[in-house]
Structures are given as structure tokens and as C-alpha cells.
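Structure at a glance
Read off the chains here:
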Amino acid sequence: AIAVAVVAAIGVVFLLPRAAQEGSDFAREARVEAERHGKEFRSREEQRAAQASARDQADAAREKFDEAFEKLDARAAARWATAVFAEARGGGARAAQRYSVGDYAAATQSWHQASLKLAALEKRLPQALKDSVERGHAALVDAKTGAAREAFGLALAIEPGHPPAKAGLARADRFDEALAVMDRA
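This write-up is about the structure you can find in this document. (Residues numbered from 1 in each chain as written. Predicted model: local features only at pLDDT ≥ 70, side-chain atom pairs only at ≥ 80, totals over all residues. Heavy atoms only, no water.)

Observations concerning the overall build of the protein chain
Short version of the rule: Each helix corresponds to a stretch of at least 4 residues labelled H or I by DSSP, and each strand to a stretch of at least 2 residues labelled E; elements are numbered beginning at the N terminus. Partly exposed describes any residue whose relative accessible area lies between the buried limit of under 20% and the exposed limit of over 50%, with all areas from a 1.4 Å probe on protein chains only and scaled to the type maximum. Should any heavy atoms of two residues lie within 4.5 Å, those residues are counted as being in contact. What sets the accessible areas is the Shrake-Rupley method with a 1.4 Å probe; for residues, cover comes only from the shown protein chains.
A count of helical and extended segments in the protein chain gives six helices and zero strands. Of the regular secondary structure in the protein chain, the N- to C-terminal order runs α-α-α-α-α-α. In the protein chain, buried positions account for 23% of the 185 residues. Here the analysis covers contacts within the protein chain between residues at least 6 apart in sequence; of these, 64% occur between residues at least 24 apart. Accessible surface, the protein chain as shown: approximately 12,300 Å² in total, 59% of it carbon and sulfur.

A few points about helix α4 (residues 104-141)
Here is the rule we go by: Each helix should span, by expectation, one fewer than its residue count multiplied by 1.5 Å. Each residue is assigned a bend, namely the angle between axes fitted to the seven residues that terminate at it and the seven residues that start at it.
For α4, built from 38 residues, the straight-helix expectation of 56 Å at 1.5 Å per residue is met to within 8% by its first-to-last C-alpha distance of 54 Å. Helix geometry: α4 is bent most strongly at R124, by close to 45 degrees, with proline P126 lying one to four residues after it. Two residues or fewer after α4 comes A143, characterised by a positive phi angle close to 65 degrees.

Some details on the packing of helix α3 (residues 82-100) against α4
Angle between the axes and distance between the axes are the two parameters that describe a pair of packed helices. Stated formally: Note on method: axes are straight lines fitted to C-alpha atoms, helices fitted across the in-contact stretch only, with angles between N-to-C directions ranging 0 to 180 degrees. Geometric relationships in this document are graded by angle, where less than 35 degrees denotes roughly parallel, more than 145 denotes roughly antiparallel, 65 to 115 denotes roughly perpendicular, and other angles denote oblique. In a left-handed crossing the near helix is turned counterclockwise from the far helix by less than a right angle, and in a right-handed crossing that turn is clockwise. Just so you know the grouping, Ala, Val, Leu, Ile, Met, Phe, Trp, Tyr, Cys and Pro go in nonpolar, Asp, Glu, Lys and Arg go in charged, and all remaining residues, Gly too, go in polar.
α4 packs onto α3 with a crossing angle of 160 degrees between their chain directions and a minimal axis gap of 8 Å. Taken together, the axis directions place α3 and α4 in an arrangement best described as roughly antiparallel. Crossing hand, α3 versus α4: left-handed. Contacts between α3 and α4 involve V84, F85, E87, A88, G91, G92, A95, A96, R98 and Y99 from the former and Y104, A106, A107, S110, W111, A114, K117, L118, L121 and R124 from the latter. Grouping the amino acids of the contact of α3 with α4 by side-chain chemistry returns 13 nonpolar, three polar and four charged.

Structural notes on helix α6 (residues 163-184)
Rule in force here: The directions from the helix axis to the C-beta atoms form the arc being described.
Between its first and last C-alpha, α6 extends 32 Å over 22 residues, near the 32 Å set by a 1.5 Å rise per residue. Among all positions in α6, only A165, G168 and A172 are buried. Projected down its long axis, α6 shows its buried positions confined to an angular sector of 55 degrees, all on one face. For α6, the exposed residues lying more than 90 degrees away from the buried face are P163, E177 and R184.

Notes on the nonpolar core
Stated formally: What makes a nonpolar core is a set of buried Ala, Val, Leu, Ile, Met, Phe, Trp, Tyr and Cys residues whose side-chain atoms join them at distances within 4.5 Å.
Counting 33 residues, the largest nonpolar core has L72, W80, F85, W111, L118, L121 and I158 as its most contacted members. Of all the secondary structure elements, the ones that give two or more residues to this core are α1 (2-74), α2 (77-80), α3, α4, α5 (145-158) and α6. By residue number, the principal contributor to this core is α4, which donates 12 residues. Beyond its immediate stretch of four places on either side in the chain, W80 contacts L72, R75, L121, R124, L125, A128, L154 and I158.

With respect to the packing of α5 against α6
Interhelical geometry of α5 versus α6 gives an angle of 160 degrees and a closest axis separation of 9 Å. In terms of their interaxial angle, α5 and α6 are classed as roughly antiparallel. At the point where α5 passes α6, the crossing takes the left-handed sense. Of the residues in α6, those in contact with T145, A148, R149, F152, A155 and L156 of α5 are P164, A165, K166, G168, L169, A172, D173, F175 and D176. A per-class count over the contact of α5 with α6 returns nine nonpolar, two polar and four charged.

So, in C-alpha cells, the structure goes:
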């Protein structure tokens, strides 16, 4: 019985620590593996969240661009600011291409840059209106009713119902009527 107790004591002293260490190594490896999978999962989730956020920002930038573009398009910006308006349109098209391939950050940047150009054009509206009305009046002075109609028409496209543009257009009509009467006489 003493011999069995001695053998058991030797086993406990020498074999148990080794078995515990092997179990500890297994547990440590399992814990490391679980942590790695957890980090990968969090990383994928963070990437999805970042992608969704970038897409939302791009959608907001596109909405702002579209609103400004439609507003200026309705006010004939393609006629009075042809080059800058075309650049803004091109920027919007490039942004849409980047968006379609999932490059939301580049799309946001392109729509933002194009929106800045449109905002600059928006500030030029009063001057464009003034210039169109002045060209119309100058054309009337030179008896160029076609050019006057075109200039006053542009002014009315920029600002529908603009009283000086409407009056100038009416003057061009009366001028043409007077010329027609003189031609018949």
C-alpha cells in the first residue's frame, strides 16, 4: 500500500504538471484562435460599416450636386456659362462612374468639387442677368432685333418674369412691327 502511495505521489509530482501544461497550451492556442477570429469578424463588420458610411456620404453629395445642377440648368447656365457648367457636368459624370464601381470616397470628392463650381455659378447669376439685359438693349440701339430677342430671351431664362427683359422683348416686337410698316409703305 505504501508502494502504491509512493508511485501515486511520484505520478502527481512528475506527470500532473506536464499534463496541466499540455492542457494549458491547448487552451492558450484555442484562446488565441478565438481572438483572431473575433478580430477578423470585427474588422469585416467595421469595413462594412465604413463602406455604408462612405456610400451615405456619396449619396448626400450626389443629392446636393443634382439639386444645384437642376436649378442652374433650368436657368440656362449652359448658355451663359458654357465652359464651367460643362466642367461641373463632367465632374458629376466622373463621380457617378466612381460610385458605380464602389469607390464612394472618390465619388464624394468629385461631386463635392463639381458642386463648388455650381455654387460659384450660382453667385454669377445676377451678373449674367444684367449682362443679358445690357446686350439686349445694345442690340436694340443697333436695330438688331434678332440679337435683342436672343439676349432678352436668355435674361428671361435666367430669371423668368424679369420686368426689364420682358419690356425689352416687347420693344423688339414693336420695333419689328414698325419696320414692317415702313417696308410696306
